[in-house]
Amino acid sequence: DQQVKQNSPSLSVQEGRISILNCDYTNSMFDYFLWYKKYPAEGPTFLISISSIKDKNEDGRFTVFLNKSAKHLSLHIVPSQPGDSAVYFCAASATGANNLFFGTGTRLTVIP
Amino acid sequence: GAGVSQSPSNKVTEKGKDVELRCDPISGHTALYWYRQSLGQGLEFLIYFQGNSAPDKSGLPSDRFSAERTGGSVSTLTIQRTQQEDSAVYLCASNLGLATYNEQFFGPGTRLTVL
């Protein structure tokens, strides 16, 4: 049973435009959310996170938005760059849990 | 400093054989996690080690899977009598283990193919 869902397996965006990656979750106990980025043949690397007490967190070109009532979060990348082309995983955790719950990933392609 | 390393990077085995996958976490990280990613799936939690505490094995899919962590550092994931559905990328991660809020640092993974 997939508790974290990324319904778009792929996304293509022109360089300089905004990329919006979406993630939905079902477990209301989740209180911390993370985005990881993965290049081929490498492990995922942490990108940005947000606590459930916030609805927005920004770090440079990356912003994560959290809508708790809709159990939805999104990652905005602006402006998108070709080096952003990778697979992006959404992950969630709950207080007291030992592990992260991951979505299936969205492959972002930024076209020069 | 060195990141999380895993070996081998690729492993091809025949159905029914046993395999061992190794993880070297970042020095000083007390928490170690194993995940696997099957084709088209997200990362699936397998097992968690924290210091000298009993591991959280709640994610292991069957009793053919086991893991140990010697001396609080290196970990080995063992899959006995491998099946074709075990084919996946096995990822190891580590962190300071203060909470899952802390970033987990991932290794490059071991791609296991069971023929």
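Residues numbered from 1 in each chain as written. Chains lettered and ligands numbered in written order. Predicted model: local features only at pLDDT ≥ 70, side-chain atom pairs only at ≥ 80, totals over all residues. Heavy atoms only, no water.

With respect to the sheet that holds strand 8 (residues 72–77) of chain A
Here is the rule we go by: Note on pairing: two strands pair once DSSP finds at least 2 bridges between them. A run of H or I in DSSP becomes a helix once it reaches four residues, and a run of E becomes a strand once it reaches two; helices and strands are each numbered from the N terminus.
Strand order in the open sheet made by the five strands is 1-3-8-7-6 (chain A), with antiparallel pairing throughout. Each edge of the open sheet carries a strand with a single partner, namely strand 1 (4–5) and strand 6 (56–59) of chain A.

Let's talk about the environment of B:H29
Residues and elements named next belong to chain B. Rules: Whether two residues touch is decided by their heavy atoms; if any such pair falls within 4.5 Å, the residues are in contact.
With respect to the helices and strands, the residue H29 is situated in the loop between strand 3 (19–24) and strand 4 (31–37). C-alpha separation for the pair H29 and V4, spaced 25 residues apart in sequence, amounts to 10.0 Å. Once residues lying within four places of it in the same chain are set aside, the contact partners of H29 are R69, G72, S94, N95, L96 and F105.

Some remarks on the nonpolar core
Under the convention used in this document: Residues belong to a common nonpolar core when they are buried Ala, Val, Leu, Ile, Met, Phe, Trp, Tyr or Cys residues joined through side-chain atoms within 4.5 Å. Exposed residues in this analysis have more than 50% of their type's maximum accessible area, buried residues have under 20%, and partly exposed residues fall in between, with area computed by a 1.4 Å probe over protein chains only.
Residues A:F33, A:W35, A:L73, A:L75 and A:Y88 are the most contacted members of the largest nonpolar core, which totals 24 residues. For this core, the secondary structure elements donating two or more residues are strand 3 (19–25), strand 4 (30–38), strand 5 (45–51), strand 7 (62–67), strand 8, strand 9 (86–94) and strand 11 (106–111) of chain A. Top contributing element to this core by residue count: strand 9 of chain A, with five residues. Each residue touching A:Y88, except ones within four places of it in the same chain, is listed here: A:Q6, A:L21, A:W35, A:Y36, A:K37, A:L47, A:L75, A:I77, A:G105, A:T106 and A:L108. In this structure, B:V4, B:I26, B:F49 and B:C92 belong to the second largest nonpolar core, which totals 20 residues.

Brief notes about unusual backbone geometry
Between A:V78 and A:P79 the backbone carries a cis peptide bond, its omega angle lying at -10°. Inspection of the secondary structure assignment puts A:P79 in the loop between strand 8 and strand 9. Note the cis peptide between B:S7 and B:P8, where omega equals -10°. Residue position: B:P8 is located in the loop between strand 1 (5–7) and strand 2 (10–13). Phi is positive for A:A41, close to 65°, though the residue is something other than glycine.

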